[in-house]
Amino acid sequence: MRVSYFRRTDNVKRAMIRIPLRSITLAALLAAMLAGLPVSWAEAQTAVGGPMQISWEVRNRFRLFREERDFALHVESARSRSVLASEQALELQSDGRGWARNTVNRLCIDLAGRVNEPCTRDNVRESYLTPVDHPVVVGLTGPVPVGATCAWSFDDGEGPQASTFDCAEPVNFRARYGRSTIATVEVSSAEGSQRLATEIAVRDIFIAGLGDSVASGEGNPDRPIALADEGFCFRYYLSAATAQYYRPSRAGYKGGRACEAPDFLPVWQRQSALWFNPACHRSLYSYQTRTALALAVRYPHIAVTYLPLACTGATIADGLFGSQRGRECPPSKSGSCPGTVNGQIAELREAVTAAKRRQPDRRLDLVLLSIGGNDIYFSGLVADVIVDNPTERVLFRRSGVMATVDDSRSVLTRDLPQGFSKLREALKPLVGDMSRVIFTSYANPTLAEGGAPCPGGRGGFDIHPSFNAEPRRLANVSAFVENEFLPQLKALALCGSGILCRDPRGDAMTFVEAHQTAFASHGFCARAQTDPEFDRECFSAKGDSFDPDIVTAANQPMRCGRSAGEYRAYLPRARWIRDANDSYFAAMTYPEGLPQQMQPSDIHDATWGVLSAVYGGAVHPSAEGHAVMADAALPAAAAVLQLDAAVSEAIPQPVQPIERR
């Protein structure tokens with residue numbers, strides 16, 4: 001016997017909806033729900049003019065979020081705004097602490113990257129990859145008669161479920177996956193009766209995110225590091241024990257801060273920044289997450305099932321196809337750390353296979369992809385630009401950490417085309433049509449006002465004494481990225497400019513580059529009077545932000561005299577690219593994912609001192625930068641998914657009974 005969605009009641013003013021095994025008291029949730037509904041429904045309640053009609057939308061339709069309040073936050077901030085404007089509004093609202101700092105603990109994916117099956121969303125246990133139904137809210141919009149009562153009926157082919165309510169009350173029910181529901185309502189008032197009907201069909205869109213550090217959101221931890229007032233000691237390379245320098249310490253760290261007082265790594269790691277997947281530095285701020293979330297916010301009749309798999313450091317060979325080293329491990333009770341991350345293609349194939357096993361008609365609708373930067377040694381190019389001390393340059397060159405433009409150019413022309421060809425062959429069986437792969441290109445991170453390369457210097461990079469963005473090397477890298485790397489990526493994605501594809505038309509990905517122009521004035525060197533006060537007072541354009549005296553710096557490393565804890569990673573800035581100072585102040589990542597021969601000997605080691613500044617996201621987009629990328633990717637994704645096709649909202653005349661199944 002099928003349980004009814006509704007319980008009949010004679011008191012239509014205080015009706016309650018019964019969902020099978022999941023009762024919700026409508027009166028208690030009504031105010032909160034209306035506050036969180038998108039403009040498409042909530043504003044229509046009070047719209048003047050137009051016919052009365054049935055309106056509906058899916059609740060909490062970004063299914064990665066377990067709680068509707070997190071989705072409602074984005075619905076509210078997105079009203080008539082771009083993703084960038086929404087992000088900036090949320091940054092100010094959170095006082096720069098970031099909207100994701102609490103949401104990160106309320107996801108359907110755990111910190112190890114495993115999907116929670118089932119996932120309890122708003123007190124309802126759901127299969128994440130293969131939902132059987134979706135929560136829907138239905139109501140009347142337009143000129144609803146005051147005091148009218150509504151006799152509702154919902155029929156998905158297994159018999160109508162009916163109940164009567166005050167027409168001012170929205171109605172909640174769960175719409176079956178893959179099945180249309182005919183909603184009808186008889187509106188009765190002193191003015192007479194009117195019958196309306198509409199079809200409710202929720203489209204659940206399955207989106208996967210693949211790629212490297214730009215795809216994962218590197219540089220933007222969901223909960224940034226908290227910094228202390230006092231300093232923490234680092235050593236110099238190949239120097240005497242007295243050759244030391246101090247930078248801000250982690251708040252809450254109780255161990256040895258002096259170089260002569262080493263401590264165990266687990267003690268230090270208790271105060272780490274938090275990522276929703278530390279091994280891959282996956283962040284809710286990534287453009288891929290923001291694109292999937294923006295689709296859910298903008299289109300009220302869909303649900304978005306998003307599977308984030310991108311991993312910082314990934315290349316096509318090591319990351320997409322093969323396993324790779326994890327970036328870092330969070331402290332755990334067991335103390336164990338796997339150290340490696342499975343290949344993303346294999347993870348995606350396994351997820352799609354499992355979903356099809358439970359729902360044969362389930363398919364992967366969209367892949368968001370950014371890859372190629374690590375394949376051409378981009379991080380090595382960054383190191384070549386900013387590491388200026390001769391000793392560090394020799395050591396980094398020998399260990400393979402640094403790369404030249406010639407090194408990158410060789411890989412770009414010799415190896416990357418073969419990698420893309422292999423990637424196409426792997427993705428095609430998963431998505432069918434390669435246009436469903438949205439390849440979002442990189443932005444040139446080195447451009448200043450007017451599109452000229454940043455001038456270089458220590459500004460933004462004085463977190464380490466040996467850093468200096470050397471102007472000549474910086475200009476060479478900027479020109480290579482702009483004139484060779486980005487055009488070649490476009491050709492590889494679109495099968496253009498002589499790139500060989502088996503089927504040039506059918507193998508072309510959907511390519512996104514509209515954001516590149518916007519980034520031209522927002523590189524890592526951009527500064528403005530609207531930047532946060534801390535940045536303007538404490539991050540010197542000349543590169544002398546920190547006290548070089550190890551005696552005074554041990555207690556106050558900032559020359560400006562302010563607490564490093566005042567830095568806010570998520571406030572609007574002119575630069576949409578993290579510089580090395582940002583990377584340290586936001587993430588301060590300990591380099592656990594490096595090969596064993598490069599692992600620091602202790603937490604004051606010189607290698608850790610260099611990499612703490614760059615390993616957590618230097619020369620990567622900020623949250624604002626990712627929002628701009630999402631603004632560019634969003635219309636492309638909507639077009640591929642055909643989400644803007646007009647759909648009739650209401651059927652004003654009686655409909656024939658639907659056929660029983």
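Residues numbered from 1 in each chain as written. Predicted model: local features only at pLDDT ≥ 70, side-chain atom pairs only at ≥ 80, totals over all residues. Heavy atoms only, no water.

Student: What's the story with the packing of helix 9 (residues 344–358) against helix 13 (residues 416–431) in this structure? I'm lost.
Tutor: Each packed pair of helices is defined by two parameters, the angle between the axes and the distance between the axes. Look at helix 9 against helix 13: their axes get within 11 Å of each other, and the N-to-C directions meet at 15 degrees. Compared by their axis directions, helix 9 and helix 13 come out roughly parallel. Read as a crossing pair, helix 9 and helix 13 show a hand that is left-handed. Residues Ile-345, Leu-348, Arg-349 and Val-352 of helix 9 touch helix 13, and the partners they reach there are Leu-423, Ala-426, Leu-427 and Leu-430. Split into classes, the residues belonging to the contact of helix 9 with helix 13 amount to seven nonpolar, no polar and one charged. (Axes fitted to C-alpha atoms, helices over the stretch in contact; angles between N-to-C directions. Helix = DSSP H or I, 4+ residues; strand = E, 2+ residues; numbered from the N terminus. Parallel < 35°, antiparallel > 145°, perpendicular 65-115°, else oblique. Left-handed = near helix turned anticlockwise from the far one by under 90°. Contact = heavy atoms within 4.5 Å. Nonpolar A, V, L, I, M, F, W, Y, C, P; charged D, E, K, R; others polar.)

Student: What am I meant to see in the sheet that holds strand 1 (residues 53–58) here?
Tutor: Hydrogen bonds along the backbone pair up the strands of a sheet, which may run parallel or antiparallel. The antiparallel open sheet is built from three strands, whose spatial order is 1-4-7. Unpaired on one side and paired on the other, strand 1 and strand 7 (171–176) mark the two borders of the sheet. Taking the axes of each pair of neighbouring strands and ignoring which way they run, one obtains an average angle of 35 degrees across the sheet. The sheet contact formed by strand 4 (residues 133–141) and strand 7 spans six bridges and is antiparallel. Bridge pairing in strand 7 links Asp-133 to Arg-176. (Pairing = 2+ DSSP bridges.)

Student: Would you mind going over the pairing of strand 10 (residues 203–211) with me for this structure?
Tutor: Each regular strand displays side chains that alternate between the two surfaces of the sheet. When you tally the buried positions in strand 10, you get eight out of nine residues, the bulk of the element. Bridge analysis of strand 10 against strand 13 (residues 302–308) gives seven bridges, and the strand direction is parallel. Note that in strand 13 the partner of Arg-203 across the bridge is Ile-302. Two elements, strand 10 and strand 16 (residues 366–370), share five bridges in a ladder whose sense is parallel. Its bridge partner being in strand 16, Leu-210 is matched across the sheet by Leu-369. (Buried < 20%, exposed > 50% of the residue type's maximum accessible area, 1.4 Å probe, protein only.)

Student: Help me understand the sheet that holds strand 8 (residues 181–189) in this model?
Tutor: Sheet architecture is open: four strands sit in the order 6-5-8-9, paired in antiparallel fashion. Strand pairing shows two members of the sheet lacking a second neighbour, strand 6 (161–166) and strand 9 (192–200), which therefore form its edges. Averaged over all pairs of adjacent strands, the angle between strand axes in this sheet comes to 20 degrees, irrespective of strand direction.

Student: Would you mind going over the packing of helix 12 (residues 405–414) against helix 13 with me for this structure?
Tutor: Between helix 12 and helix 13, the least distance of the axes is 4 Å, while the angle of their chain directions is 45 degrees. When the interaxial angle is binned, helix 12 and helix 13 end up oblique. Taking contact as the criterion, the partners of Val-411, Leu-412, Thr-413 and Arg-414 in helix 12 are, on helix 13, Leu-416, Pro-417 and Gln-418. Class assignment for the residues of the contact of helix 12 with helix 13 results in four nonpolar, two polar and one charged.

Student: I'm lost on helix 14 (residues 471–494) in this one. Help?
Tutor: For helix 14, with 24 residues, the first-to-last C-alpha span of 33 Å sits near the 34 Å given by 1.5 Å per residue. Along helix 14, the helix axis deviates most sharply at Val-481, where the bend reaches about 40 degrees. Phi for Cys-495, located one or two positions after helix 14, is positive at around 60 degrees. (Expected span 1.5 Å × (residues − 1). Bend = angle between axes of the 7 residues up to and from the residue.)

Student: When you look at the pattern of salt bridges in this model, what are you seeing that I'm missing?
Tutor: Pairing is possible between side chains of opposite charge, provided their charged atoms come close. Counted according to the given criterion, the structure contains 39 salt bridges. For Arg-363, the salt bridge goes to Asp-365, with nearest N and O atoms at 3.2 Å. For Arg-363, a relative accessible area of 39% translates into the label partly exposed. A salt bridge links Lys-428 to Asp-507, with the nearest nitrogen and oxygen atoms 2.4 Å apart. Pair noted here: Lys-428 is in helix 13 and Asp-507 is in the loop between helix 14 and strand 18 (510–512), with a separation of 79 residues, a long-range link. Each of Arg-63, Arg-121, Glu-126, Asp-133 and Arg-174 takes part in a single network of salt bridges with overlapping partners. (Salt bridge = Lys/Arg side-chain N within 4 Å of Asp/Glu carboxyl O.)

Student: Any chance you could explain the nonpolar core here in plain terms?
Tutor: The nonpolar side chains of a soluble globular protein tend to be buried with one another. If you look at the biggest cluster of nonpolar residues, it comprises 152 residues, and the most contacted ones within it are Phe-62, Leu-295, Leu-369 and Phe-585. Considering each element in turn, this core owes the most residues, 12 residues, to helix 20 (residues 623–641). If we skip the residues at most four places from it in the chain, Leu-295 touches Ile-207, Ile-302, Val-304, Leu-634, Ala-637, Ala-638, Leu-641 and Leu-643. If you look at the next biggest cluster of nonpolar residues, it comprises 23 residues, including Val-58, Val-136, Cys-150 and Val-171. (Core = buried A, V, L, I, M, F, W, Y, C linked by side-chain atoms within 4.5 Å.)

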